[in-house]
Amino acid sequence: MIKKITPTQTIILGFVSVILTGTILLYLPISTKTGHIHFIDALFTATSAVCVTGLVVVDTGTYYTLFGQIVIMVLIQIGGLGFMTTATLVFLALGKKITLRERLIIQEALNQFSLEGIVRLARYVIIMTFLIEGIGTILLSIRFVPEFGLLKGIYYSIFHSISAFCNAGFDLMGDFTSFTKYSEDIYVSLVISTLFIIGGIGYTVIIDVYNNKKNFKKFTLHSKLAITVTAVLILSGTLFIFLLEKNNPLTMGNLSLKGKIIASYFQAVTPRTAGFNTIPIDSLRNTTAFFIIILMFIGASPASTGGGIKTVTFGVLLASVKTIIKGKCEVEIYRKRLSQDIINRAIAVTIVSMLLVILVTIMLSAVEAERRDFLTVLFETTSAFGTVGLSRGLTTHLTPLGRLLIIFTMFAGRVGPLSLVMAIGEKKGRGTIRYPEEKVMVG
């Protein structure tokens, strides 16, 4: 029976096992300062941590003990690296030989096209993750140690470096404030945002940039597309949020010009699945909130610590639309042609993701009808799907059924809705019957 499980199903079962283990640990009296937590709240927190989302029903910094916070941090690290990459780390540490089946699972987990060098790639991912998080810890310590003291400052630096690089959005600042007190602090804002930009750009892109000495012309098409779409979204997002929120007294209206620019940049980057915020999310104008919903739905890049439909998917869709408008037959990007299989997959990922967000939003609106307006429900659902973690205040007031819906959405967003559907319906021995072609009217 075990041998019949596909790589996709193995990855999903792996995430489920880590979530359940984390739930049990967080449910222990030693994990909370009150000595008690509802099981569904422990499950919610564990799912949010493993799925590197950041949505919370209780404040991480004030509700959990040091033990509970460390459990959350470890879950974030496992979720950021991925189940199989973490397993590879254990295999390498024990000197265990990695079998062909395990290589296939790693290939699926890292979203790679070939088995060649897959173990070496996993090793690079592990080394790169710890290196970047280590640098982030040192940089944050420069600010946090003087502010919080030596031990607490170092601990805060480690926790937030891991949380930022893994695009988790968990913080220890207390009272659900995230990094709002650092809204005009360019140093903290840049360090945190740089960590989650690097984590969200994708491991394959980072390796490609390093190997080709930052020469854009030598990058693979995947890297070019991921970098281009990311840059456009960050720049346009910063400008859009600045123009909409600069005079809003509840968000950026009272900040200096420098503070408004810093806050606009940070808030444009964080919807790319990071989940931190330096301005109150529940006080954003509706137009800004809807724009952030779009950014959250697009998300980070493939083979990264982030969620969403992914930047490359969005880029492929735009290129496909451009091709149709120009009357061309083939989709071309940077003088490279995309296969129909890639285009079909991009369309499938987007449609399945939209259906998931729509369905959960409808269900959540019915369940939480008396609590929040529709935009807030859509915002919360998209944040869960994109594994972002930004909230307009709905999460802490969710009913048990509402929490279960968000838990499912976070899980589906992390493993990928298309992968989840395929894992459930995946069958061997598919036929190769080809039916007659016939045209239908579209548009």
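Residues numbered from 1 in each chain as written. Predicted model: local features only at pLDDT ≥ 70, side-chain atom pairs only at ≥ 80, totals over all residues. Heavy atoms only, no water.

### Details of helix α16 (residues 374-385)
Taking 1.5 Å as the rise per residue, α16 with twelve residues should run 16 Å; its terminal C-alpha atoms sit 16 Å apart, in good agreement. Buried residues of α16: Leu375, Thr376, Val377, Leu378, Phe379, Glu380, Thr381, Thr382, Ser383, Ala384 and Phe385, and no others. One side-chain oxygen of the residue at the start of α16 lies 3.2 Å from the amide nitrogen of leucine 375, identifying that residue as aspartate 373. Just beyond α16, the residue with positive phi is threonine 387, at close to 50°. (Helix = DSSP H or I, 4+ residues; strand = E, 2+ residues; numbered from the N terminus. Expected span 1.5 Å × (residues − 1). Buried < 20%, exposed > 50% of the residue type's maximum accessible area, 1.4 Å probe, protein only. Polar contact = N/O pair within 3.5 Å; in protein donor to acceptor, adjacent residues only side chain to side chain.)

### So, the pattern of salt bridges
For the structure on display, the rule yields four salt bridges. One salt bridge connects arginine 403 with aspartate 41, and the closest N-O pair in it is separated by 2.3 Å. Residue arginine 403 is located in helix α17 (residues 400-415), and its partner aspartate 41 is located in helix α2 (residues 39-50); the two are separated by 362 residues in the primary sequence. Residues arginine 403 and aspartate 41 agree in their burial class; the two are buried. Linking glutamate 147 and lysine 181 is a salt bridge whose minimum nitrogen-to-oxygen distance equals 2.9 Å. With glutamate 147 in helix α7 (residues 118-148) and lysine 181 in the loop between α8 (150-165) and α9 (186-201), the pair connects residues that are 34 residues apart, well separated along the chain. (Salt bridge = Lys/Arg side-chain N within 4 Å of Asp/Glu carboxyl O.)

### Regarding the side chain of arginine 403
By relative accessible area, which is 11% here, arginine 403 ends up buried. Within the structure, the side chain of arginine 403 is placed 3.3 Å from the backbone oxygen of threonine 396, a separation counted as a polar contact. Apart from residues no more than four positions distant in its own chain, arginine 403 is found in contact with Ile40, Asp41, Phe44, Val57, Thr395, Thr396 and Leu398. (Contact = heavy atoms within 4.5 Å.)

### Some remarks on the packing of helix α11 (residues 221-245) against helix α12 (residues 257-269)
Two elements in contact, α11 and α12, have axes whose closest approach is 8 Å; the angle formed by their N-to-C orientations is 130°. One element, α11, and the other, α12, form an angle in the oblique class. Crossing of α11 over α12 shows right-handed handedness. Note on element contacts: α12 touches α11 through Leu257, Lys260, Ile261, Ser264, Tyr265, Gln267, Ala268 and Val269, opposite Ile234, Gly237, Thr238, Ile241 and Phe242. Taken together, the residues of the contact of α11 with α12 break down into eight nonpolar, four polar and one charged. (Axes fitted to C-alpha atoms, helices over the stretch in contact; angles between N-to-C directions. Parallel < 35°, antiparallel > 145°, perpendicular 65-115°, else oblique. Left-handed = near helix turned anticlockwise from the far one by under 90°. Nonpolar A, V, L, I, M, F, W, Y, C, P; charged D, E, K, R; others polar.)

### Some remarks on the side chain of glutamate 368
Mapping glutamate 368 onto the fold places it in the loop between α15 (340-367) and α16. Here glutamate 368 falls in the buried class, since its relative accessible area comes to 0%. Within the local environment of glutamate 368, its side chain forms a polar contact with the side chain of threonine 399, the two groups lying 2.6 Å apart. Look past the residues within four positions of glutamate 368 in its chain and what remains in contact with it is His397, Leu398, Thr399 and Gly402.

### Points about the packing of helix α13 (residues 286-298) against α16
The contact between α13 and α16 brings their axes to 9 Å, and the two run at 25°. With respect to α16, the element α13 is oriented roughly parallel. Judged by the twist between their axes, the crossing of α13 over α16 is left-handed. Residue-level contacts link Asn286, Ala289, Phe290, Ile292, Ile293, Met296 and Phe297 of α13 to Leu375, Leu378, Phe379, Thr382, Ser383 and Phe385 of α16. Split into classes, the residues belonging to the contact of α13 with α16 amount to ten nonpolar, three polar and no charged.

### Observations regarding α8
In this model α8 runs 22 Å from its N-terminal to its C-terminal C-alpha over 16 residues, within 8% of the 22 Å that 1.5 Å per residue would give. Turning to α8, its buried residues number three or more, namely Gly153, Tyr155, Tyr156, Ser157, Phe159, His160, Ser161, Ile162, Ser163, Ala164 and Phe165.

### Some details on the packing of aromatic side chains
Counted by the stated rule, this structure contains 16 aromatic pairs. A ring pair is formed by phenylalanine 144 and tyrosine 182, whose centres lie 6.0 Å apart and whose planes are at 50°; its orientation type is tilted. Of this pair, phenylalanine 144 sits in helix α7 while tyrosine 182 sits in the loop between α8 and α9, and the two are 38 residues apart along the sequence. With respect to burial, phenylalanine 144 and tyrosine 182 carry one shared label: buried. Connected via pairs of aromatic rings, a cluster forms that spans Phe144, Phe148, Tyr155, Tyr156, Phe159, Phe179, Tyr182, Phe196, Phe266 and Phe276. Lying across the ring of phenylalanine 379, arginine 392 places its NZ or CZ 5.9 Å from the centre. (Phe/Tyr/Trp six-rings, centres within 6.5 Å; stacked < 30°, edge-to-face > 60°. Lys NZ or Arg CZ within 6 Å of the ring centre and 35° of its normal.)

### Notes on the nonpolar core
In this structure, Ile76 and Ile192 are the most contacted members of the largest nonpolar core, which totals 112 residues. When residues of this core are assigned to their parent elements, the largest contribution, eight residues, is made by α13. In this view, isoleucine 76 contacts Ala49, Val52, Ile162, Ser163, Cys166, Ala168 and Phe170; residues no more than four positions away in its chain are not counted. (Core = buried A, V, L, I, M, F, W, Y, C linked by side-chain atoms within 4.5 Å.)

### Concerning unusual backbone geometry
Despite not being glycine, serine 178 shows a phi value in the positive range, around 55°. Turning to its location among the elements, serine 178 is positioned in the loop between α8 and α9. For serine 178, a relative accessible area of 4% puts it in the buried group. For arginine 335, which is not glycine, the phi dihedral falls at a positive 60°. Inspection of the secondary structure puts arginine 335 in the loop between β1 (332-333) and β2 (336-337).

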